[in-house]
Amino acid sequence: MADLKEREIEDAEFAFDIYADDGVLDGTMLGKVLRALQLNPSLESLEKLGATKKKGEKKFKFEEFLPIFSDCKKEKKDQGCYEDFIECLKLYDKAEDGKMMVAELHHALMALGEKLSEAEVDTLFEDCMGEEDDEGQIEYAPFLKKMCERT
């Protein structure tokens, strides 16, 4: 691929091999590989790129994966990043002190954008959330930092 650097191809091959079985990647793992490569495609983008929800529906060889990686990399400018998410959560920071209500964060994750399930929110909170204060608030910057580091 002309638009991918040699190092990017090596990284892609490494990530691909981790999730592939005998050199073939199941369509359900496409998002995981792309996220391991520091990309953050939406569910809609993944579907357009060929990801599947059912195991065994579609399989990719590494040569088929590279153009997908390249396309997703080109779309990276449209993908949210830490700074974008901070700006969104500042809308919930009524006292402008870097804190927001846990209940509001829970609601936002379940109701806005690519909605998460209750179980997904619970897992995210368990893995990324710091201590809640007596008023039911958390510092959202450390939460987002942990969340964005997870790939």
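Note that the structure is predicted; figures quoted are calculated from it, not measured.

## With respect to the nonpolar core
Here is step 1 of the chain: One finds A12, L25, L30, L34, L37, F65 and F69 to be the most contacted residues of the largest nonpolar core, which totals 21 residues.
Here is step 2 of the chain: Breaking this core down by element, the ones donating at least two residues are α1 (6–19), α2 (30–36), α3 (43–49) and α4 (62–74).
Here is step 3 of the chain: The leading source of residues in this core is α4, at six residues.
Here is step 4 of the chain: Apart from residues no more than four positions distant in its own chain, L30 is found in contact with L25, L46, L49, G50, A51, F60, F65 and I68.

## As for the packing of aromatic side chains
Here is step 1 of the chain: All chains considered together, the criterion is met by five aromatic pairs.
Here is step 2 of the chain: With 6.4 Å between their ring centres and 35° between their planes, F62 and F65 make a pair best called tilted. Of this pair, F62 and F65 both sit in helix α4, separated by three residues, roughly a single helical turn.
Here is step 3 of the chain: In this structure F62 comes out as buried when scored by relative accessible area, which is 14%.
Here is step 4 of the chain: The exposure class of F65 is buried, given its relative accessible area of 0%.

## Overview of the packing of helix α6 (residues 102–111) against helix α7 (residues 118–128)
Here is step 1 of the chain: Packing of α6 against α7 leaves a shortest axis separation of 10 Å and a crossing angle of 135°. Taken together, the axes of α6 and α7 are oblique relative to one another. Seen from above, α6 lies across α7 with right-handed handedness. Taking contact as the criterion, the partners of V102, L105, H106, L109 and M110 in α6 are, on α7, E118, V121, L124 and F125.
Here is step 2 of the chain: Classifying every residue of the contact of α6 with α7 gives seven nonpolar, one polar and one charged.

## Remarks on the packing of helix α5 (residues 82–90) against helix α8 (residues 140–149)
Here is step 1 of the chain: Across the interface, α5 lies against α8 with an axial gap of 10 Å and an inter-helix angle of 145°. Where α5 crosses over α8, the handedness of that crossing is right-handed. On α8, the residues touching Y82, F85, I86, L89 and K90 of α5 are Y140, A141, L144, K145 and C148.
Here is step 2 of the chain: Across the contact of α5 with α8, the residue classes tally to eight nonpolar, no polar and two charged.

## Quick look at the domain arrangement of the protein
Here is step 1 of the chain: According to the domain assignment, the protein consists of domain 1 (6–78) and domain 2 (82–150).
Here is step 2 of the chain: Centre-to-centre separation of domain 1 and domain 2, based on C-alpha positions: 27 Å.

## Thoughts on a negative patch on the surface
Here is step 1 of the chain: Judged by side-chain charge, E96, D97, D134, E135 and E139 come together as a negatively charged surface patch.
Here is step 2 of the chain: Along the chain, the position of E135 falls in the loop between α7 and β4 (137–139).
Here is step 3 of the chain: Judged by relative accessible area, E135 falls into the exposed class, the value being 60%.

Calculation rules
- Residues numbered from 1 in each chain as written.
- Predicted model: local features only at pLDDT ≥ 70, side-chain atom pairs only at ≥ 80, totals over all residues.
- Heavy atoms only, no water.
- Core = buried A, V, L, I, M, F, W, Y, C linked by side-chain atoms within 4.5 Å.
- Buried < 20%, exposed > 50% of the residue type's maximum accessible area, 1.4 Å probe, protein only.
- Helix = DSSP H or I, 4+ residues; strand = E, 2+ residues; numbered from the N terminus.
- Contact = heavy atoms within 4.5 Å.
- Phe/Tyr/Trp six-rings, centres within 6.5 Å; stacked < 30°, edge-to-face > 60°.
- Axes fitted to C-alpha atoms, helices over the stretch in contact; angles between N-to-C directions.
- Parallel < 35°, antiparallel > 145°, perpendicular 65-115°, else oblique.
- Left-handed = near helix turned anticlockwise from the far one by under 90°.
- Nonpolar A, V, L, I, M, F, W, Y, C, P; charged D, E, K, R; others polar.
- Domains from an automatic or database assignment.
- Patch = residues over 30% accessible without salt bridge, like charges linked within 9 Å, V, L, I, M, F, W, Y side chains within 5 Å.
- Areas by Shrake-Rupley, 256 points an atom, 1.4 Å probe, with all protein chains shown as cover.
- Salt bridge = Lys/Arg side-chain N within 4 Å of Asp/Glu carboxyl O.
- Lys, Arg positive; Asp, Glu negative; His and termini not counted.
- Charge placed at Lys NZ, Arg CZ, Asp CG, Glu CD.

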